[in-house]
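# Close look at the chain arrangement
Chain residues, written in single-letter form:
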Amino acid sequence: MSEIDPHSGFMLHALELAKRGWGKTAPNPMVGAVIVERGKIVAEGWHAQDGGPHAEREALSNLGRKPGAKATLYVSLEPCSTPGRTGACCDAIIGSGLKRVVIGAMDPNPAHAGAGINVLAAVGIEVITGIEAKRCSDLNLIFNHWITAKSPLIAAKTAVTIDGKIATRSGDSQWITNAESRADVHRWRRLFPGIAVGAMTVLGDNPSLTARTEEGEEWCPKRFVFDGLLRTVVDRNRPKVYSDQYREQTIVVTTQHGGLGYVRKLREEGVTVWVLPSQDQRVDFADFRIKCVEENISGVYVEGGAHLISEMLRNRHLDYLFNYRAPVLFADDKARNGFVGLRTEKLSEGIRLADVDHATFGDDQLMRGRVVYPDRIQADENVFMRK
């Protein structure tokens, strides 16, 4: 533990516990908690799955007795103060007799932020906040967006060369990034409730869109195929996502221009079809968001192709970007670009990332962050200038 911040080590341990719920708690957050007495951890807990006990209650239950007089609870997210399905954690903390609580991130819900702290402080419990707050908040980037925007987090993944290419001029692209980067992609696939690709990716790559976990198991999220004209149904070779054991997890997002016969055919095979209204063959991303909210799908991880991701950028429906970059250089203007379709004449018109995080996988690098569009950048700068 740091001499500057003696609480950091315990909070980081709580954060590692929280990660044990990776991909299993949606649409709820991942939370970890530890109880410390005389400088040692005596009990721990985490939110294991949606609908299950919260981390604080798990830690108190695992302790199996009343906490000591000077015990401290470390929890990665502000304890809930509303009953919900499992009871308010603040009530459990107060009932346990704990006198000190250390919190990582604040509740992102504006209606609840600070409420848990106030409830605890009102009965004389010492509350310390902001310990490893950035890490604790970043862990729940899907939940945070879901709660604050009341919309799914739409994130995209790209794997590019140094000069931003996703394939050579002949289309050769496997593999630009290394095995470590690809393993990390599967880790993120396991976190997001849904994975999405465009029709051309299905026809060209025939992906499985499943996640292979570190334990070697295969897991299948909701698999979205954006196909406004149902071109993927016409193909003679049935795509894996329409024919494998997980086909009931596949959702084809199309328009009325796709043809009712093809819609009926997919549904007969056990594939779900969302027919969204559209003036042309393109799926309306705003309507897609609304449908995801109705189905309680809090996040979608878009894996291509480049045209789908670029279209989402042009329509400002991409919220987050994972950009894996390999130490490879094509230097060929005919090679395929990772992003297309924008006309950016000034640096100020560029799309930027905020709340950026970096990671290294062998020789590859990952840059990920929240997508910020030019008018939002200007608005932020104007607010800064007024201050």
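Below is a short write-up of the structure. (Residues numbered from 1 in each chain as written. Predicted model: local features only at pLDDT ≥ 70, side-chain atom pairs only at ≥ 80, totals over all residues. Heavy atoms only, no water.)

Under the counting rule described, the total for this entry stands at zero disulfides. Its sulfur unpaired, C89 is 3.6 Å from the next cysteine sulfur, which belongs to C80. Using a relative accessible area of 0% as the deciding quantity, one classes C89 as buried. Residue C136 stays outside any disulfide, its sulfur separated by 15 Å from that of C89, the closest cysteine. (Disulfide = S-S within 2.5 Å. Buried < 20%, exposed > 50% of the residue type's maximum accessible area, 1.4 Å probe, protein only.)

Quick look at the packing of helix α3 (residues 89-96) against helix α4 (residues 115-122) now. Following both chains from N to C, one finds α3 and α4 inclined at 20°, their axes separated by 10 Å at the closest point. On the basis of their axis angle, the class for α3 and α4 is roughly parallel. Relative to α4, α3 is oriented so that their crossing is right-handed. Counting all contacts with α3, which are made through C90, I93 and I94, the residues of α4 involved are G116, V119 and L120. Class assignment for the residues of the contact of α3 with α4 results in five nonpolar, one polar and no charged. (Axes fitted to C-alpha atoms, helices over the stretch in contact; angles between N-to-C directions. Helix = DSSP H or I, 4+ residues; strand = E, 2+ residues; numbered from the N terminus. Parallel < 35°, antiparallel > 145°, perpendicular 65-115°, else oblique. Left-handed = near helix turned anticlockwise from the far one by under 90°. Contact = heavy atoms within 4.5 Å. Nonpolar A, V, L, I, M, F, W, Y, C, P; charged D, E, K, R; others polar.)

This paragraph deals with the packing of aromatic side chains. Applying the stated criterion across every chain, the model contains 13 aromatic pairs. Considering the side-chain rings of F192 and F322, the 6.3 Å spacing of their centres and the 80° angle between planes classify their relative orientation as edge-to-face. Remark: F322 occurs in strand β15 (residues 320-325) and F192 occurs in the loop between α7 (179-191) and β8 (194-198); sequence separation between them is 130 residues. Grouping residues by exposure puts F192 and F322 together as buried. (Phe/Tyr/Trp six-rings, centres within 6.5 Å; stacked < 30°, edge-to-face > 60°.)

The subject of this paragraph is the sheet that holds strand β1 (residues 32-37). The five strands lie next to each other as β2-β1-β3-β4-β5, forming an open sheet whose pairing is mixed. Two strands in the sheet have a free side with no partner beyond their single neighbour: β2 (40-46) and β5 (126-128). Averaged over neighbouring strand pairs, the angle between their axes works out to 20° when direction is ignored. Across four bridges, the pairing between β1 and strand β3 (residues 72-77) is antiparallel. Considered in β3, the bridge of I35 is made with L73. Against the sheet, helix α1 (residues 8-18) touches β1, β2, β3 and β4 (100-105), its axis set at about 145° to β1. (Pairing = 2+ DSSP bridges.)

A few words now on the sheet that holds strand β14 (residues 299-302). An order of β13-β12-β11-β8-β14-β6-β15-β18-β17 is seen for the nine strands of this open sheet, with the pairing classed as mixed. In the strand order of this sheet, the two ends are held by β13 (272-275) and β17 (352-361), each with one partner. Across the sheet, the mean angle from the axis of one strand to that of its neighbour is 20°, orientation sign disregarded. In this sheet, strand β11 (residues 222-226) lies alongside β8 in parallel orientation, the contact comprising five bridges.

Grouped together as the largest cluster of nonpolar side chains are 66 residues, with contacts concentrated most on W188, F192 and F322. Per-element accounting of this core gives the leading share, six residues, to α1. Residues in contact with F192, not counting those within four places in the same chain, are I142, L153, A155, W219, P221, G299, V300, Y301 and F322. Counting residues in each nonpolar core, the second largest holds 24 residues, with F226, V302, L308 and L313 among its members. (Core = buried A, V, L, I, M, F, W, Y, C linked by side-chain atoms within 4.5 Å.)

Counting buried residues in helix α13 (residues 306-314) gives seven out of nine residues, a clear majority hidden from the surface. R316, located one to two residues past α13, shows a positive phi value of around 60°.

Before going further, it helps to spend a moment on the side chain of D227. Within the secondary structure layout, D227 lies in the loop between β11 and α9 (231-234). Within the structure, the side chain of D227 is placed 2.9 Å from the backbone nitrogen of L230, a separation counted as a polar contact. The residues contacting D227, other than those within four sequence positions of it, are A199, T232, V233, V252, V253 and T254. (Polar contact = N/O pair within 3.5 Å; in protein donor to acceptor, adjacent residues only side chain to side chain.)

The next thing to look at is the packing of helix α2 (residues 55-63) against α3. Interhelical geometry of α2 versus α3 gives an angle of 30° and a closest axis separation of 9 Å. Here α2 is positioned roughly parallel relative to α3, judged by the angle of their axes. Here α2 and α3 pass one another in a crossing that is left-handed. Here α2 contributes E56, R57 and L60 to the contact with α3, which in turn contributes C89, A92, I93 and S96. Counted by class, the contact of α2 with α3 contains four nonpolar, one polar and two charged residues.

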